[in-house]
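Fold and contact review
If you want the building blocks of each chain, they are given just below.
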Amino acid sequence: MAMTMTQKILAKHAGLESVRSGQLIEAELDMILGNDITSPVAINEFEKLGLDNVFHRDKISIVPDHFTPNKDIKAAEQCKLVREFVKNKKISNYFEVGQMGIEHCLLPEKGLVVAGDVVIGADSHTCTYGALGAFSTGIGSTDMAAGMATGKCWFKVPSAIKFILNGKPGKWVSGKDIILHIIGEIGVDGALYKSMEFEGQGIKYLSMDDRFTICNMAIEAGGKNGIFPVDEKTIEYMKEHSKKEWMEFNADEDAEYEAVYEIDLSKIRPTVSFPHLPDNTRTIDEVGEVKIDQVVIGSCTNGRLSDLRIAAKILRGKKVHKGIRCIIIPGTQNIYLEAMKEGLIKDFIEAGAVVSTPTCGPCLGGYMGILAKEERAVSTTNRNFVGRMGHVESEVYLASPAVAAASAIRGKIANPELL
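The protein chain goes by 3-isopropylmalate dehydratase large subunit in an unreviewed UniProt entry, where it is assigned to Clostridium lentum. Under the UniProt heading Sequence similarities (unreviewed entry), the note attached to the protein chain is "Belongs to the aconitase/IPM isomerase family. LeuC type 2 subfamily." Database annotation for the protein chain, UniProt heading Catalytic activity (unreviewed entry): "(2R,3S)-3-isopropylmalate = (2S)-2-isopropylmalate".

Quick look at the structure:
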């Protein structure tokens, strides 16, 4: 039976020769992920099972990143609960303040996920790791608890949509613009419980960071997962970051897809998602006059070193517009350190921006950049739902680091090409 990339990975981990879309399977897990919001719920459920130990202390990662450094007493108590559980169960991969990062930036950097893995995480943007040729998807805290106990998870095998990427993106067009363009085309439910599988000669022009961003936002189209084939860039990245063995899975030529989209990357323009859904997209040429109050550059979507380099290139020698709050958040401690070595942090501060320790804080309306009533933000995060970053009458415009940095300078949504 012909299979897609995702179906081949799931078949391997289920111990089956083949699987078909819609089939229920139980698959072995290579990594289980939780954070400071979802892990406490999972831990409470795990404790109800009365088990002494987790299934494998090296195949669980817990990263307090949403409300850390702790924003209040409740956040502190949650992290304390997690910390004690990790110590008691001797879980290897625990990254807190000083070692922490935004989870979906940190795990690839630490080499904890590689091609061919099956990964579940109690966070919807766990689909990020498809950039490495892994099957990774978000699950609920109860499934996280079951996974920690058994090392297995039930899945309904997803059908797939193929996206054939051709051409070379323009100067200021990044993975963020590509995925916003795709979501704008197919809608927020266009890939509902489907695997978004990316192929085509245009992939060679996409950095690993571009691919992480694209897979990260597969869930914003309803996707079960996003996945790229393994190529030289993937292998180079894995060799640099990981000592784990990896497996390459390629789709069969006659694999079935529910739909196939051909996308010419050379025709994609810098793209902005208007409130209040990620599929409400417009090109930078269609934006019009949209004044803003805040800019956030960071998150699991766009907090990587290449994102900071792009922002710094635009902000260097310029000033953030008067009255604009520009917040820069490196994705991990290592990214922060590299940005310091390259002088990017200096560029940001001299431009009038502030730089935060790695945190998800503003993305989910937690802290470090909450919006008041009627305020507008341009953000490199992944969601712009009503009240996502603060007051229900605030507005969030999703964009790339280039557009966000240009907007910080102009005080309104701006085209980086015109600076």
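A separate point is the sheet that holds strand 4 (residues 93-94). Here five strands make up an open sheet; going across it, the order is 4-3-2-5-6 and the pairing parallel. The open sheet has two edge strands with one neighbour each: strand 4 and strand 6 (135-138). Two strands pair when backbone bridges link them, and strand 5 (residues 118-121) and strand 6 are joined in this way by four bridges, in the parallel orientation. Looking across to strand 6, one finds that isoleucine 120 is bridged to threonine 137.

Counting residues in hydrophobic clusters, the biggest one holds 57 residues, and the most contacted among them are Phe163, Leu165, Ile182, Met196 and Phe198. For this core, the elements supplying multiple residues, two or more each, are strand 2 (31-35), helix 4 (103-109), strand 8 (159-166), helix 6 (175-186), strand 9 (194-199), helix 7 (208-216), helix 8 (232-241) and strand 18 (395-398). Considering each element in turn, this core owes the most residues, six residues, to helix 6. What isoleucine 182 contacts, discounting residues up to four positions off in sequence, is Phe163, Met196, Phe198 and Ile263.

Okay, the environment of valine 41 next. Along the polypeptide, valine 41 turns up in helix 2 (residues 39-48). Separated by 110 residues in sequence, valine 41 and glycine 151 have C-alpha atoms that sit 18 Å apart.

This part is about the side chain of aspartate 177. Following the sequence through the fold, aspartate 177 ends up in helix 6. Once residues within four sequence positions are removed from consideration, aspartate 177 is found in contact with Trp172, Ile268, Arg269, Pro270, Thr271 and Ser400.

The next point concerns the pattern of salt bridges. Going through the model one piece at a time under the given rule, you end up with 20 salt bridges. Its salt-bridge partner being aspartate 252, residue lysine 8 comes within 2.9 Å of it at the nearest N-O pair. Placement of lysine 8 in helix 1 (residues 5-14) and of aspartate 252 in the loop between helix 8 and strand 11 (259-264) is noted, with a sequence separation of 244 residues between them. What makes aspartate 252 partly exposed here is its relative accessible area of 25%. Here lysine 346 and glutamate 350 are joined by a salt bridge, their closest N and O atoms 2.7 Å apart. In this pair, lysine 346 and glutamate 350 are both assigned in helix 12 (residues 344-351), four residues apart and thus about one turn of the helix distant. Among the charged side chains, a network of salt bridges with common partners joins Arg269, Asp285 and Glu417.

If you check UniProt for "binding site: [4Fe-4S] cluster" (unreviewed entry), the listed places come out as Cys300, Cys360 and Cys363 in our numbering. Spatially, the listed residues are clustered: although they cover 64 residues, their C-alpha atoms lie within 9.2 Å of one another. Here cysteine 360 shows up in the loop between strand 16 (354-355) and strand 17 (376-379). A relative accessible area of 11% means that cysteine 360 is categorised as buried. What cysteine 360 contacts, discounting residues up to four positions off in sequence, is Asp65, His66 and Ile102. Tracing the chain through its elements places cysteine 363 in the loop between strand 16 and strand 17. Excluding residues that lie within four positions of it along the chain, cysteine 363 makes contacts with Thr381, Asn382, Arg388 and Met389.

Conventions and cut-offs
Residues numbered from 1 in each chain as written. Predicted model: local features only at pLDDT ≥ 70, side-chain atom pairs only at ≥ 80, totals over all residues. Heavy atoms only, no water. UniProt positions renumbered as here; feature names shortened; annotations may be inferred. Pairing = 2+ DSSP bridges. Helix = DSSP H or I, 4+ residues; strand = E, 2+ residues; numbered from the N terminus. Core = buried A, V, L, I, M, F, W, Y, C linked by side-chain atoms within 4.5 Å. Buried < 20%, exposed > 50% of the residue type's maximum accessible area, 1.4 Å probe, protein only. Contact = heavy atoms within 4.5 Å. Salt bridge = Lys/Arg side-chain N within 4 Å of Asp/Glu carboxyl O.

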